[in-house]
2 protein chains.
Amino acid sequence: MVYHHNSLVNFSVAVFKKMGCPDNQARLAAKVLIDADLKGIDSHGIARLPGYVRLWEKDRINSNPEVKVVYETPSTAVVDGDRGLGLVVAPEAMKVAIKKAETAGTGWVSVRNSNHYGIAGYHALMAVEKDMVGISMTNASPLVAPTFSAERLLGTNPIAVAIPALNQPPFVADFATTTVANGKLEISKRKGQPIPTGWAQDAHGNPSTSASCVEEGGALVPLGGTRELGSHKGYCLGSIVDIFSAVFSGANYGPWVPPFVSFLEPSSDPVGKGIGHFFGAMRIDAFRPAEEFKAEMDRWINRIRDSKPAEGEQQVLIPGDPERAAHKTRMSEGIPLLPAVIDNLNRLSMEFNVNAPSPIA
Amino acid sequence: MVYHHNSLVNFSVAVFKKMGCPDNQARLAAKVLIDADLKGIDSHGIARLPGYVRLWEKDRINSNPEVKVVYETPSTAVVDGDRGLGLVVAPEAMKVAIKKAETAGTGWVSVRNSNHYGIAGYHALMAVEKDMVGISMTNASPLVAPTFSAERLLGTNPIAVAIPALNQPPFVADFATTTVANGKLEISKRKGQPIPTGWAQDAHGNPSTSASCVEEGGALVPLGGTRELGSHKGYCLGSIVDIFSAVFSGANYGPWVPPFVSFLEPSSDPVGKGIGHFFGAMRIDAFRPAEEFKAEMDRWINRIRDSKPAEGEQQVLIPGDPERAAHKTRMSEGIPLLPAVIDNLNRLSMEFNVNAPSPIA
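Everything numeric in this text was worked out from a predicted model, so none of it was measured. (Residues numbered from 1 in each chain as written. Chains lettered and ligands numbered in written order. Predicted model: local features only at pLDDT ≥ 70, side-chain atom pairs only at ≥ 80, totals over all residues. Heavy atoms only, no water.)

**Remarks on the overall build of chain A**
Check the secondary structure of chain A and you find ten helices and twelve strands. Its C-alpha radius of gyration of 20 Å places chain A within 12% of the 21 Å reference for a compact globule of 361 residues. Each of the three principal axes of chain A carries a C-alpha extent, and together these read 50 × 50 × 50 Å. Counting all 361 residues of chain A, 62% fall into the buried class. Contacts spanning at least 24 positions in sequence make up 66% of the contacts within chain A whose residues lie at least 6 apart. Here chain A has roughly 13,400 Å² of accessible surface; of this, 51% comes from carbon and sulfur atoms. Placing the 35 positive and 37 negative side-chain charges of chain A at their respective mean positions leaves the two points 2 Å apart. (Helix = DSSP H or I, 4+ residues; strand = E, 2+ residues; numbered from the N terminus. Rg over C-alpha atoms; globule rule 2.2 N^0.38 Å. Buried < 20%, exposed > 50% of the residue type's maximum accessible area, 1.4 Å probe, protein only. Contact = heavy atoms within 4.5 Å. Areas by Shrake-Rupley, 256 points an atom, 1.4 Å probe, with all protein chains shown as cover. Lys, Arg positive; Asp, Glu negative; His and termini not counted. Charge placed at Lys NZ, Arg CZ, Asp CG, Glu CD.)

**Notes on the interface of chain A and chain B**
The interface is formed by 91 residues belonging to chain A together with 90 residues belonging to chain B. Buried area between chain A and chain B, both sides added, is near 7,500 Å², and the carbon and sulfur share of it is 67%. Here chain A is connected to chain B by two salt bridges. Taking the shortest distance from any N to any O, the salt bridge between Glu151 of chain B and Arg303 of chain A comes out at 2.7 Å. On the surface where chain A and chain B come into contact, there are 44 residue pairs in polar contact (both at pLDDT 80 or more). Considering every element that reaches the side of chain A that touches chain B, the biggest residue donor is helix H7 (residues 231–247) of chain A, with twelve residues. Partitioned by chemical class, the residues of the side of chain A that touches chain B number 54 nonpolar, 24 polar and 13 charged. (Buried area = accessible area lost by both parts, 1.4 Å probe. Salt bridge = Lys/Arg side-chain N within 4 Å of Asp/Glu carboxyl O. Polar contact = N/O pair within 3.5 Å; in protein donor to acceptor, adjacent residues only side chain to side chain. Nonpolar A, V, L, I, M, F, W, Y, C, P; charged D, E, K, R; others polar.)

**Digging into the relation of the copies chain A and chain B**
Here chain A sits on chain B after a turn of 180° about the axis and a move of 0.0 Å along it, with an RMSD of 0.0 Å. These values place the two chain copies in the arrangement generated by a two-fold rotation axis. It is Gly224 of chain A whose C-alpha, among those of chain A, lies nearest the rotation axis, at 2.3 Å. (Least-squares fit on C-alpha atoms with pLDDT ≥ 70 in both.)

**Overview of the environment of Val341 of chain B**
Residues and elements named next belong to chain B. Among the secondary structure elements, Val341 is positioned in helix H10 (residues 339–352). Taking the C-alpha atoms as reference points, Val341 and Ile46, 295 residues apart in sequence, are found 8.1 Å from one another. Once residues within four sequence positions are removed from consideration, Val341 is found in contact with Ile46 and Ala47.

**Side note on the packing of helix H1 (residues 5–18) of chain B against helix H3 (residues 49–57) of chain B**
All names here are of chain B. Running from N to C, H1 and H3 cross one another at 5°; their axes reach a closest spacing of 11 Å. Between H1 and H3, the crossing angle belongs to the class labelled roughly parallel. In contact with Phe11, Ser12, Val15, Phe16 and Lys18 of H1, H3 contributes Leu49, Val53 and Trp56. Split into classes, the residues belonging to the contact of H1 with H3 amount to six nonpolar, one polar and one charged. (Axes fitted to C-alpha atoms, helices over the stretch in contact; angles between N-to-C directions. Parallel < 35°, antiparallel > 145°, perpendicular 65-115°, else oblique.)

**A few points about the environment of Leu317 of chain B**
Looking at the element boundaries, Leu317 of chain B is found in the loop between helix H8 (290–305) and helix H9 (321–333). Judged by relative accessible area, Leu317 of chain B falls into the partly exposed class, the value being 33%. With 79 residues separating them along the chain, Leu317 of chain B and Gly238 of chain B place their C-alpha atoms 25 Å apart. Contact partners of Leu317 of chain B, with chain neighbours within four places excluded, come to Phe148 and Tyr235 of chain A together with Pro322 of chain B.

**Thoughts on the pattern of salt bridges**
For the structure shown, the criterion picks out 40 salt bridges over all chains. A single salt-bridge network, built from bridges that share partners, covers Lys17, Asp23 and Arg27 of chain A.

**Overview of the sheet that holds strand E9 (residues 207–208) of chain B**
Residues and elements named next belong to chain B. Here we have three strands laid out as an open sheet, ordered E9-E8-E10, and antiparallel in their pairing. With partners counted over all chains shown, the strands left at the sheet margins are E9 and strand E10 (219–220), one partner each. Strand direction decides the pairing type here: strand E8 (residues 200–201) and E10, joined by two bridges, are antiparallel. Note that in E10 the partner of Gln201 across the bridge is Ala219. (Pairing = 2+ DSSP bridges.)

**Some remarks on the packing of H7 of chain A against H8 of chain B**
Packing of H7 of chain A against H8 of chain B brings their axes to within 11 Å, and their N-to-C directions diverge by 145°. Of the two elements, H7 of chain A crosses H8 of chain B, and the hand of that crossing is right-handed. Along the contact surface, H7 of chain A presents Tyr235, Ser239, Asp242, Ile243 and Val247 of chain A, while H8 of chain B presents Phe293, Glu296, Met297, Trp300 and Ile304 of chain B. Of the residues that constitute the contact of H7 of chain A with H8 of chain B, the class distribution is seven nonpolar, one polar and two charged. (Left-handed = near helix turned anticlockwise from the far one by under 90°.)

**So, the nonpolar core**
Ranked by size, the top nonpolar core spans 106 residues in total, and within it Phe244 and Trp300 of chain A together with Phe244, Met297 and Trp300 of chain B carry the most contacts. The next biggest cluster of nonpolar side chains, apart from the first, holds 62 residues, and it includes Tyr52, Ala90, Val128 and Val354 of chain A. (Core = buried A, V, L, I, M, F, W, Y, C linked by side-chain atoms within 4.5 Å.)

**Some remarks on the sheet that holds strand E7 (residues 171–175) of chain A**
Taken in spatial order, the seven strands line up as E2-E3-E4-E11-E5-E6-E7 (chain A) in an open sheet, and their pairing is mixed. Because the sheet does not close on itself, it has two edges, and the strands there are strand E2 (68–73) and E7 of chain A. In this sheet, adjacent strand axes meet at a mean angle of 10° when their direction is disregarded. Note: strand E4 (residues 106–114) of chain A against strand E11 (residues 275–283) of chain A, seven bridges, orientation antiparallel. Bridged to Ser110 of chain A within E11 of chain A is Phe278 of chain A. Together, strand E5 (132–138), strand E6 (159–163), E7 and E11 of chain A form the strand contacts of helix H5 (residues 120–128) of chain A, whose direction differs from that of E5 of chain A by roughly 160°. Each of E5, E6, E7 and E11 of chain A is contacted by helix H7 (residues 231–247) of chain B, which is oriented at about 135° to E7 of chain A, the strand it contacts most.

Next comes the structure, spelled out in structure tokens:
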């Protein structure tokens, strides 16, 4: 079944308000959430709405947080998210980074005491509207084993970087620092297929091709996949995200990061507050006149997009292209949801006495 | 044969001075160069000295550059390297980033008109001595095909991030944004061995296991190795390095980056000046008191280092550990050089009439 995005936004706003979110925060959270569905990143969209609700029910999310700057210099700040929805805390923190950049040239904000923040790219793109480069990263609950380790110590810790161009759409990189996210294993499992070597390892730390290996005590592996293909580099990236997001801010890091799912309890011995994010905004005219920079970006993008494709490929993509294509289609044709997701939304609808979204097809 | 590091430093200083480098710049360049040998990164050490000389002979390196800031805001600057040795330009630019961070909290410097800068990690570590996080990246001549492309459009574009700790040595990530560097293919070729799938592709853009595929018109591939294992993420990383290093500064980017080797001519239609670098320095006390941050870093490091190793592994490593181990050994036991490298140094010795380094064993 397919839904108009406004219908999903309105439903999410209604649910967030029932949780006690002020109207403006409920609207912001819903906008960030459904932006994932519009861009085809279904794992981070409305499918997660029940997850946020369950965490709020356990008092692990504060639906009316006072997000505030607790430490700062001309180009930096630490923001305390007051246990709020990451969907609200993150855009607020990115605004602080942008404001710092307006006067200092760049702004860098580390955030503690937050929760899952949706898609990293949403926050990075906020900077692009201001002719800035935007950077967004977050740590996440431990599912990933560092190279040579048998233990889950890091999250999928994504990084997004958004860079404005002139006539071309912006360059938007947005990726987990693992080979794949857990969702890909779930898809293989449902299909009864093995996974490729380099996606995950078993409980002893050996490479595994079983789609169930992570739930059986194994772990996802860092980008690179195997030592031979450079998994230590993905381990470096995931670590940097963890440190910038949590050691700078005083959030939990590594294996102490609280789980997103409500049925797993957070550590009884936390090393910080909530989960952590890190944001950067760099004014492009802090380096050279903005029009000049953007014209060069057009040339950079065109040269790569127009390069000779590998055998069997149609065209070389620029980071951001697939999400833009999905956005275009879903804005006009609607957002398809899986039956299991729809069931969960119907359950929320009854629980909170709000109208369930109606499909358009 | 094995050489004392001072002997290699002194020889390099003598050669750089014969090229016309002022004494202080010759010493700085030699220190950066031999730091690679000490850390076991042989591909970036004294083996490259003849390469710098050949570029200078072709007037592609200015041995007495005036490195200067050409554009700035409180937290940013663009530095023009005046065609100098990257070994000199990069530390000068990093000093600018550190100085900006002292007042603004962070400092970010994009560099144009430079050359190969040695190991990325050297420059990042300069910040650690000042209780700052250091970031260093550079673009490089095109050897890498973006995902889906058959063309070489990006360099191996390394990233280094150095983060201070308290009683633990610093976290130092320093890695190319490809699966491997070209040197690994050369080693396989010398041994007559195939390379693993995911290291490189042939001239049509198909994955290749031939160690000669790059020289036969193929390309290295981005970190991830194959589309299935996430090579588009490595492509994102290499692109970000290219854009921050060159589009911010006005250096050459993508396929226009001039080659390091003197027998390949630079583009007759450049899009900028020289190659580009990008540096960042973030004062840790711009986020929280420095001692607090460093104590948490110790805990972060200890938790990961002490985690359960994967089957068959001894211990989980922290980024920087392998280079520190090599440094310790080579400081005491000397630096081993291959016969081909020694021959090249002997040739330089005769050419410039300076004493060749004498082996200690």
